[in-house]
Amino acid sequence: MSDKQEKSEISQLDLLMIANQMLQDHDAYIDGVRATEVREQAGVLIFKGEEYFLSEQGLPTEKTTTVFNLYKYLAHQLSDKFILID
C-alpha cells in the first residue's frame, strides 16, 4: 500500500484562484504578487506571474528573491495535491 495521496484534477483557472489566495495569506506576501500562469512539468506545478519585481533594466531587485520563494512555496504545497486537466 502506498503512502502517496491521490492527486485531484483541477483546471488552471481554479488552481490559480487557490494559489493566489495562498499567496495573499502567506506571511511573506508582497502587495501586487500574483500568479498568472501555471504549467505542469514532470509532476511539478510551476507558477509564474508578472515581472513587477525586476528593475527597469530587467535585473533582479531586493524583492525578486521573495517573489521566487513565494512561487516555490506554491509548487511545494500544491504539486502533491493537484494535476492540471487543461
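Please refer to the structure higher up on the page.
So, how was this worked out
- Residues numbered from 1 in each chain as written.
- Predicted model: local features only at pLDDT ≥ 70, side-chain atom pairs only at ≥ 80, totals over all residues.
- Heavy atoms only, no water.
- 1 Å grid on protein atoms, 1.4 Å probe; cavity = no way out; pocket = protein on both sides within 12 Å on 5 of 7 lines; lining within 4 Å.
- Points joined across faces, edges and corners; volume = space filled by probe spheres on them.
- Helix = DSSP H or I, 4+ residues; strand = E, 2+ residues; numbered from the N terminus.
- Nonpolar A, V, L, I, M, F, W, Y, C, P; charged D, E, K, R; others polar.
- Buried < 20%, exposed > 50% of the residue type's maximum accessible area, 1.4 Å probe, protein only.
- Contact = heavy atoms within 4.5 Å.
- Core = buried A, V, L, I, M, F, W, Y, C linked by side-chain atoms within 4.5 Å.

A. Molecular detail of the layout of surface pockets. Approximately 370 Å³ is the volume attributed to the largest pocket. Along the walls of the largest pocket sit 17 residues, with Phe 47, Lys 48, Val 67, Phe 68 and Tyr 71 positioned nearest its centre. Of all the secondary structure elements, the ones that give two or more residues to the lining of the largest pocket are β3 (44–49) and α2 (62–78). In terms of residue class, the lining of the largest pocket is built from 11 nonpolar, 2 polar and 4 charged.

B. Structural detail: the environment of Ile 10. Mapped onto the fold, Ile 10 is located in strand β1 (residues 8–10). With relative accessibility at 9%, the residue Ile 10 sits in the buried group. Separated by 69 residues in sequence, Ile 10 and Ser 79 place their C-alpha atoms 11 Å apart. In this view, Ile 10 contacts Leu 15, Ile 18, Phe 82, Ile 83, Leu 84 and Ile 85; residues no more than four positions away in its chain are not counted.

C. Layout of the nonpolar core. Ranked by size, the top nonpolar core spans 20 residues in total, and within it Leu 15, Val 33, Leu 45, Phe 47, Tyr 71, Leu 74 and Leu 78 carry the most contacts. Those elements giving two or more residues to this core turn out to be α1 (12–25), β2 (35–41), β3, α2 and β4 (82–84). Ignoring anything within four residues of it in the chain, the contact list for Tyr 71 reads Leu 23, Val 33, Arg 34, Ala 35, Phe 47, Lys 48, Gly 49 and Glu 50.

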